[in-house]
Amino acid sequence: MPISHQQVTRVSLLGRLLLSEEETETMTAQLGQILTYMQLLDEVDTDQVEPMAHAVEVSDVFRGDQLAPSLARDLALANAPQHDGECYRVPAVLGDA
Amino acid sequence: MNKPYAIIIGLEVHVQLLTSSKLFCGCSTAFGAAPNTQTCVVCTGTPGALPVMNRQAYLLSVKAALGLNCQIARLTKWDRKNYYYPDLPKGYQISQYDMPLSRDGHLDIPDPEQEGQVRRIRIIRAHLEEDAGKSMHDEVAGKADSRIDLNRAGTPLLEIVSQPDLRSPAEAKNYLTELKLLLNYLGVSDCNMQEGSLRVDANINLHVATPEGNVATPIVEVKNMNSFRAVERALAYEAQRQWELWQETGQRIGDVPKQTRGWEEEAQITRPQRSKEESSDYRYFPDPDLAPVTISEDAIAHVRQSLGELPADLRTRLVGQFGITPYDSDVLVSQGRPLVDYFIAAAEACRDGKAAANWVQQSVLRVLNERQMPIEQFPVPPAELGRLIDEVQSGKMETSRGREVLAEMLATGKSAAAAIDALGIVQVDEADLETLCAELLASNPKVVDDLKQGRLKAAGALIGQAKKRNPNVNATRVREICLQLVQRM
Ligand SMILES: [Zn+2]
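Here the structure is a predicted model, which is why all the values come from computation and not from measurement. (Residues numbered from 1 in each chain as written. Chains lettered and ligands numbered in written order. Predicted model: local features only at pLDDT ≥ 70, side-chain atom pairs only at ≥ 80, totals over all residues.)

## Section: the overall build of chain B
Here is the rule: Numbered from the N terminus, helices here are DSSP runs of H or I no shorter than four residues, and strands are runs of E no shorter than two. What the globule rule says is 2.2 Å times the number of residues to the power 0.38, and the radius of gyration is computed from C-alpha atoms. Any residue whose C-beta has 12 or fewer other C-beta atoms within 10 Å is treated as exposed, any with 20 or more as buried, and any in between as partly exposed, C-beta atoms being built from the backbone. Here, residues touch in the contact sense if the C-beta positions derived from the backbone fall within 7 Å of one another.
For chain B, the helix and strand inventory stands at 15 helices and 18 strands. Taken over C-alpha atoms, the radius of gyration comes to 30 Å for chain B, far larger than the 23 Å a tight globule of 489 residues would show. Its C-alpha atoms give chain B principal-axis dimensions of roughly 95 × 60 × 60 Å. Each of the 489 residues in chain B was classed as buried or not, and the buried ones make up 39%. For chain B, restricting intrachain contacts to residue pairs at least 6 apart in sequence, the fraction spanning at least 24 positions comes to 69%.

## Here's the deal with the overall build of chain A
Summing up its helical and strand segments, chain A has three helices and two strands in all. When its helices and strands are written in sequence order, chain A yields α-α-β-α-β. In terms of overall size, chain A is more extended than a compact globule, its C-alpha atoms giving a radius of gyration of 22 Å where 97 residues would be expected to give roughly 13 Å. Going through the 97 residues of chain A one by one, you find that 8% of them count as buried.

## Quick word on the interface of chain B and chain A
Worth spelling out the cut-off: Under the scheme applied here, ten amino acids are nonpolar (Ala, Val, Leu, Ile, Met, Phe, Trp, Tyr, Cys and Pro), four are charged (Asp, Glu, Lys and Arg), and all others, including Gly, are polar.
Across the contact, 43 residues belong to chain B and 33 residues belong to chain A. Broken down by element, the residue count for the side of chain B that touches chain A peaks at five residues, all from strand β10 (residues 145–149) of chain B. For the side of chain B that touches chain A, the per-class residue count stands at 15 nonpolar, 19 polar and nine charged.

## Side note on the sheet that holds strand β17 (residues 285–286) of chain B
Residues and elements named next belong to chain B. Definition in use: Pairs of strands are assigned from DSSP output, requiring at least two bridges between the strands.
Taken in spatial order, the three strands of this open sheet run β6-β5-β17, and their pairing is antiparallel. For this open sheet the edge positions go to β6 (92–95) and β17, each flanked by a neighbour on one side alone. In terms of strand pairing, strand β5 (residues 79–82) meets β17 through two bridges, oriented antiparallel. Bridging across to β17, Arg80 finds its partner in Phe285.

## So, unusual backbone geometry
Its identity is not glycine, yet Asp60 of chain A carries a phi of approximately 55 degrees, on the positive side. Secondary-structure assignment places Asp60 of chain A in the loop between α2 (21–38) and β1 (62–63). Backbone geometry at Asn224 of chain B places phi at a positive 70 degrees, although glycine is not the residue there. With respect to the secondary-structure elements, Asn224 of chain B resides in the loop between β14 (220–223) and α3 (228–249).

## A look at the domain arrangement of chain B
Applicable threshold: Residue ranges labeled as domains rest on an automatic or database domain assignment.
Per the domain assignment, the segments of chain B are domain 1 (5–298), domain 2 (309–422) and domain 3 (430–488). Placing a centre on the C-alpha atoms of domain 1 of chain B and another on those of domain 3 of chain B gives a separation of 66 Å.

## Re the pairing of strand β7 (residues 102–110) of chain B
Residues and elements named next belong to chain B. In this sheet, β7 lies alongside strand β3 (residues 71–72) in antiparallel orientation, the contact comprising two bridges. Note on β7: the bridge partner recorded for Gln71 is Arg103. Note: β7 against strand β8 (residues 118–130), eight bridges, orientation antiparallel. In the sheet register, Asp108 faces β8, and the bridge partner there is Arg120.

## Notes on the environment of Thr37 of chain B
Among the secondary structure elements, Thr37 of chain B is positioned in the loop between β1 (5–16) and β2 (53–54). Each C-alpha atom of the pair Thr37 of chain B and Cys27 of chain B lies 9.2 Å from the other, and the pair is ten residues apart in sequence. Dropping the residues within four chain positions of it, Thr37 of chain B is found in contact with Ser70 and Arg73 of chain A together with Asn151 of chain B.

## With respect to the nonpolar core
Residues and elements named next belong to chain B. Defined as follows: Defined on buried residues, the nonpolar core groups Ala, Val, Leu, Ile, Met, Phe, Trp, Tyr and Cys residues joined through C-beta atoms within 7 Å.
Counting residues in hydrophobic clusters, the biggest one holds 77 residues, and the most contacted among them are Ala64, Ala65, Ala172, Tyr175, Ala202 and Leu235. If sequence neighbours within four positions are ignored, Ala64 has contacts with Ala126, Leu158, Leu183, Leu186 and Val188. Membership of the second largest hydrophobic core comes to 31 residues, among which are Tyr342, Ile344, Trp359 and Met397.

## Looking at the packing of helix α7 (residues 337–350) of chain B against helix α8 (residues 353–371) of chain B
Residues and elements named next belong to chain B. We apply this condition: Axis geometry follows a simple rule: fit a line to the C-alpha atoms, using only the stretch in contact for helices, then measure angles between N-to-C directions, giving values from 0 to 180 degrees. Throughout, the term roughly parallel applies to angles under 35 degrees, roughly antiparallel to angles over 145, roughly perpendicular to angles from 65 to 115, and oblique to all others. Rotating anticlockwise by less than a right angle from the far helix to the near helix defines a left-handed crossing, while the corresponding clockwise rotation defines a right-handed one.
Where α7 meets α8, the axes come as close as 8 Å, and the angle between the chain directions of the two elements is 135 degrees. By the angle class used here, α7 and α8 are oblique. Crossing of α7 over α8 shows right-handed handedness. Each of Tyr342, Phe343, Ala346, Ala347 and Cys350 in α7 lies in contact with α8, whose residues at this interface are Gly353, Ala355, Ala356, Ala357 and Val360. Of the residues in the contact of α7 with α8, the class split is nine nonpolar, one polar and no charged.

## With respect to the packing of helix α5 (residues 311–322) of chain B against helix α6 (residues 326–334) of chain B
Residues and elements named next belong to chain B. Close contact between α5 and α6 brings their axes to 9 Å; oriented N to C, the two are set at 135 degrees. By the angle class used here, α5 and α6 are oblique. Here α5 runs over α6; the crossing is right-handed. On the side of α5, the interface is formed by Pro311, Leu314, Arg315, Leu318 and Val319, while α6 contributes Pro326, Ser329, Asp330, Leu332 and Val333.

## Section: helix α9 (residues 382–393) of chain B
Residues and elements named next belong to chain B. Here is the rule: To estimate how far a helix should extend, the number of its residues minus one is multiplied by 1.5 Å.
Over its twelve residues, α9 runs 16 Å from end to end, which matches the ideal 16 Å to within 8%, given 1.5 Å per residue. For α9, the set of buried residues is Pro382, Glu384, Leu385, Gly386, Leu388, Ile389 and Val392. In this structure, the buried side of α9 is in contact with α7, α8, α10 (399–412) and α11 (416–422). Positive backbone phi, at 90 degrees, marks Gly395, one or two positions downstream of α9.

## Describing the environment of Val11 of chain A
Residues and elements named next belong to chain A. Within the secondary structure, Val11 sits in helix α1 (residues 5–14). Assessed through the 16 C-beta atoms surrounding it within 10 Å, Val11 is described here as partly exposed. For the pair formed by Val11 and Glu50, sequence separation is 39 residues and the distance between their alpha carbons is 30 Å.

## Brief notes about the confidence of the model for chain B
For any part of a model where pLDDT is low, the fine detail of the predicted coordinates should not be relied upon. Put simply, the rule reads: Values of pLDDT, which run from 0 to 100, indicate the predictor's confidence residue by residue.
When pLDDT is averaged along chain B, the result is 92, and 97% of the positions lie at 70 or above. Predicted complex metrics record ipTM = 0.88 and pTM = 0.86.

This is the structure in structure tokens:
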């Protein structure tokens with residue numbers, strides 16, 4: 001298998017996804033299939049190909065340092081599960097602020 | 001240094017760049033707005049919103065990097081640094097991983113051990129990234145939750161990473177002071193620590209001399225320092241703590257994982273912080289929403305030309321051109337370019353650099369401090385101050401009278417000449433001065449006796465009386481003339 005049960009557990013922890021044992025099994029199998037398919041690319045000879053930083057060959061896409069209107073606060077907060085009209089409210093963040 | 005160990009310090013400094021809008025969207029970067037009023041779909045990480053790079057942020061970064069003598073990458077790209085934290089709405093920070101926009105520079109700082117010497121601190125890299133939001137802990141009514149303000153999210157930050165070349169807390173402070181001055185002169189950042197536009201993290205450990213050679217102790221990262229003095233104190237505390245810990249445990253680098261500690265200002269100690277991530281696995285990968293950025297030799301040369309005179313060069317020039325001491329030059333340059341320009345204009349007007357340096361430091365800076373005013377708002381133009389200095393230097397009045405004239409100029413907006421007139425200051429004729437002294441001696445026989453016996457302090461009483469009769473008299477001359485007259489008696 002191209003990805004182990006242990007790797008899936010670790011990635012789900014980093015991604016803050018709580019997976020049951022059964023779901024982890026399913027994910028390991030499905031991610032494995034995807035990765036196996038992607039391994040097709042290994043067959044391409046890329047020795048002479050310059051590595052790219054981006055999928056399309058564009059560079060230097062800029063905007064000027066211009067202000068644009070921001071969202072009204074009630075609109076910005078509208079989709080938050082919890083807010084107090086001023087700030088988003090989240091479970092306590094401990095440690096450094 | 002007689003300690004059996006060397007202190008090894010490297011600093012990571014984040015400065016906010018002076019742009020009007022954020023790094024990837026048009027929201028304002030202004031400090032102090034009401035929470036969550038400067039956000040949009042891009043900086044709140046709404047799915048589907050696309051970032052577009054602010055050109056000014058990139059150019060300011062290149063400018064800072066050139067000021068730090070860094071190599072500029074012809075091709076640079078941005079990467080996603082993945083971690084979950086409530087103040088990071090996208091779940092990743094757009095930063096630079098393996099192709100930073102600049103690397104391999106240096107900054108020369110004053111050596112705290114040897115006056116007039118510099119220490120060269122190498123810079124590993126300087127790269128451009130976005131800031132996160134701000135979380136505030138709230139325990140109102142027993143509900144312990146956190147409030148998140150995303151105004152700051154997406155603000156452009158330049159991260160400047162030094163080599164671990166700093167050898168004492170005092171050097172760390174000098175490095176920060178010099179870095180801040182440089183970035184101020186370049187117009188890249190205002191480096192205001194109170195407003196969070198300059199933040200410092202420090203890595204520190206010890207190299208202990210042992211019979212088997214030097215041994216490195218575990219590296220500790222220190223955060224949460226809110227002033228340059230706090231950085232100096234936190235590092236001094238941390239070095240001592242590590243020394244004691246080494247004697248107790250003998251732990252070496254690699255024996256324990258790198259620890260993060262926070263400086264606690266009230267207690268003046270560092271305490272361990274809970275780390276953000278169980279592991280620092282940020283799974284960097286190139287951001288597919290942003291195109292790489294290239295820069296040509298011409299464009300780099302163009303930015304280099306815009307650097308202007310840097311603080312180190314300016315210090316040297318002021319000493320050479322105006323004959324002032326390196327100390328005075330440093331004081332003036334540390335105040336920023338506008339004050340230096342004021343000094344130069346005043347010095348040129350009175351053709352006396354030393355006198356101008358004294359007046360600017362003793363009178364102008366004092367008034368600016370008292371009134372909490374920038375030099376741009378100082379009511380007396382430098383040419384007028386120069387004229388006043390000229391009058392004092394030519395002996396028309398004493399320095400203390402000159403200060404009264406300056407006070408009059410500040411209060412009324414008068415020119416130097418008009419203020420001198422208004423105070424009735426005229427140079428007292430030598431003959432008049434002799435007459436006055438002769439009269440004073442005649443009416444103060446006791447003082448004359450004292451002077452004859454060599455009790456020269458007694459002359460003070462005569463000067464006081466002379467000033468009362470004519471405030472324009474020069475105290476030094478009154479004293480000289482009286483002593484001459486007594487000798488001739
Ligand atoms: Zn925005």
